[in-house]
Amino acid sequence: MSVQKLKYILQIADNALIMGHRLSEWCGHGPILEQDIALTNIALDHLGQARSLYQYAAEQFNELPRAEQEKVFTSPALQAIIAGGQPIDEDDMAYLRDGWDFYNVLLVEQANKDWAYTAARSLYYDTFNYHFYTGLQNSNDETLAAIAEKSLKEVTYHMRWSSEWVIRLGDGTAESHKRMQEAASYLWQYTGELCTMVETDKAMYKAGTGVNLDELKTKWATAIGKVLDEATLAQPEEGWMQQGGKEGRHTEHLGYILAEMQYMQRTYPNMEW
Amino acid sequence: MSQQETEHKSEWPLWEVFIRSKAGLDHKHVGSLHAADAQMAIENARDVYTRRMEGVSIWVVESKYLHTSDPDESASMYEPANDKIYRHPTFYNLPDELKHM
Amino acid sequence: MTVHSFEENFEEKLEKDIAIEPRDWMPDTYRKTLIRQISQHAHSEIVGMLPEGNWITRAPSLRRKAVLLAKVQDEAGHGLYLYSAAETLGISRDELYDQLHSGKAKYSSIFNYPTLTWADMGAIGWLVDGAAIMNQVPLCRTSYGPYARAMVRVCKEESFHQRQGFEIMLTLSKGTAVQKKMAQDALNRWWWPSIMMFGPPDDNSPHTEQSMHWKIKRFTNDELRQKFIDVTVEQAKILGLSVPDADLKWNEARGHYDYGKIDWDEFWNVVKGNGPCNKERLETRRKAWEGGEWVREAAAAYSEKRKQRSRQEAA
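In this report, the structure presented in the accompanying data block is examined. From a predicted model like this one, the values you see are computed outputs, not experimental measurements.

1. Some thoughts on the overall build of chain B
Here is step 1: Looking only at helices and strands, chain B has three helices and three strands in total.
Here is step 2: N-terminal to C-terminal, the α/β element order of chain B is α-β-β-α-β-α.
Here is step 3: Evaluated residue by residue, chain B yields a buried proportion of 30% over its 101 residues.
Here is step 4: For chain B, contacts bridging at least 24 residues in sequence account for 42% of all contacts bridging at least 6.
Here is step 5: Accessible surface computed for chain B: about 7200 Å², of which carbon and sulfur atoms make up 55%.

Quick look at the structure:
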């Protein structure tokens, strides 16, 4: 078992958790009841994926030698558990890691803002996820391959949902077109990171566990181009891309997400809920 | 134009939803929902009415296209069937030895 | 048929427990009362998403988060089934929303109370859903077909809601001192509003008699309230929590619990809009609806464009 692999699983898990968290914020506030329900289904899918992955990540972590365990995560809350010799679980992974130990891409932590931002964020992420999970099905790690196969069915539906909404809003009214264009262009700066190989990605690809993100770039860009085109939206201009999430350097948003999400576990440690 | 029409110009049409709960069974009416178009109606139906794996196939039809028999004519529509008892299998006297019919 | 015989026919169906269906003749007052009752119920589901929705992003474990999210989603579904049932009576969902947003329509007052701690998720599931189920199960046999069918669906899905609430309370009451305190505090705050959920006492419930006759209400408010108290007090014992009512005691002769005086003044004030969260809840709903207007418009416009395009292609 390697720390690299643990971090790789966490990348995927954190993407799912944070994306699910953002989408769940819509619950009760959607533009129409039917879509409130649809988006919550998607949020539940992400949350389910996150749980499977965190359970697997926790297993990986618990198998590491003690000296390695102490070095992986710095949060005092997790250190205390390790010191006590206890195995950690999915909830410890989600609730007791500090921000710099989260490896999700910056895109998923961006705010919901409105339905157009939400749809654009989903389109970019779902399209990546679709191709990523397609590749991950061939992982030499059986657990990851199995999770990928199951998740792919869900993600295929997510991508359909987000593509349709981007098209609807882009080709809807003048107002929705304007909003959709703004969202698609604004969030573009966070898409470069999706298919950029960081150290973890390279190592896992080399080991036969991970996906070659370089190969995904064109597939992703082509799929996105098609949707934007059908949505009558202009392709956002290529420019500076924000990076860092996969290595633990985040936007300000993540701190607020974690403050809210982790508050119970942090305030009342070592309790069953 | 009345104020109401102005306000509600964006109201999505109503659709009736029919679901086949498993292969071999008829589609059954389960309820209705709003959607902007047929494709969305099917997807909404999937999200609203099959959250607990209730279906394998979905039909939707815009409610305004559904034609209904007039309940006040139900006497002429359905009662004639009451005396066509020969349409029902139990009408026929068959020997007990006969199985699987 | 004359109007008189329509009415006789309607009464006969009620008498024989034959469902009234959308296209059947029905008295105008029956229709109006049903619209009011069903839409109040639908609004309660939708507004009811908010106090629990508060805690989705703060749920203390991933399992609890998933359960809560699925539960609040179910409430959206229940609202949708009920709005659909109301729509069969000839009113649109948008009109029903207008009534909610303008303050003309009511919803269950319980949702005007705040959710302050995680234990409130337990208390709402256990008490509020418990009370709701008691109200709703008899409505599966209500006289209006679409309403009864919607309620069958609602009740089927609702069964896990109360269980998950009780499970939260049980976990807390078996937990640490602070968790027990949390559970007791939640029971203290939610008990009285929950038993008020059954509505004003029978001698002050103007619609009860007519609604019972129409079979759109099958037990009186006080009957259901008593049943709820009898069941719930026993459950509180399992949790080791004390019900905040000094006058609560078993009455051997009646075979029921006697309970203390309900503060109807508070009840009517919350109904009138003076509850701790009335304004906030309505404001949140209004904001979601108005904020979604451009989205609904865009989808409608897109659908129209597509229809036109396919017509042009066909031509």
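Okay, back to it.
2. Section: the packing of helix 1 (residues 3-24) of chain A against helix 2 (residues 33-63) of chain A
Residue and element names in this part refer to chain A.
Here is step 1: Orientation of helix 1 relative to helix 2, taken along the N-to-C sense of each, is 155°, at an axis distance of 8 Å. Judged by the inter-axis angle, helix 1 sits roughly antiparallel to helix 2. Taken as a pair, helix 1 and helix 2 cross one another with a handedness that is left-handed.
Here is step 2: Here the contact of helix 1 with helix 2 is composed, by residue class, of 19 nonpolar, five polar and two charged.

3. Focus on the pairing of strand 2 (residues 27-34) of chain B
All names here are of chain B.
Here is step 1: Across seven bridges, the pairing between strand 1 (residues 14-20) and strand 2 is antiparallel. Residue pairing for strand 2: I19 is matched across the bridge by K28.
Here is step 2: The turn joining strand 1 and strand 2, which pair antiparallel and follow one another in sequence, is formed by six residues; a positive phi near 100° is taken by G24.

4. Quick look at the nonpolar core
Here is step 1: Counting 200 residues, the largest nonpolar core has A:Y54, A:M93, A:F132, A:W165, B:L33 and C:W191 as the members making the most contacts within it.
Here is step 2: It is helix 2 of chain A that contributes the most residues to this core, 15 residues altogether.
Here is step 3: If near-sequence neighbours (up to four positions away) are discounted, B:L33 is found in contact with A:E34, B:P13, B:L14, B:W15, B:V17, B:A41, B:N44, B:A45, B:V48, B:Y49, C:L80 and C:S84.

Thresholds applied
Residues numbered from 1 in each chain as written. Chains lettered and ligands numbered in written order. Predicted model: local features only at pLDDT ≥ 70, side-chain atom pairs only at ≥ 80, totals over all residues. Heavy atoms only, no water. Helix = DSSP H or I, 4+ residues; strand = E, 2+ residues; numbered from the N terminus. Buried < 20%, exposed > 50% of the residue type's maximum accessible area, 1.4 Å probe, protein only. Contact = heavy atoms within 4.5 Å. Areas by Shrake-Rupley, 256 points an atom, 1.4 Å probe, with all protein chains shown as cover. Axes fitted to C-alpha atoms, helices over the stretch in contact; angles between N-to-C directions. Parallel < 35°, antiparallel > 145°, perpendicular 65-115°, else oblique. Left-handed = near helix turned anticlockwise from the far one by under 90°. Nonpolar A, V, L, I, M, F, W, Y, C, P; charged D, E, K, R; others polar. Pairing = 2+ DSSP bridges. Core = buried A, V, L, I, M, F, W, Y, C linked by side-chain atoms within 4.5 Å.

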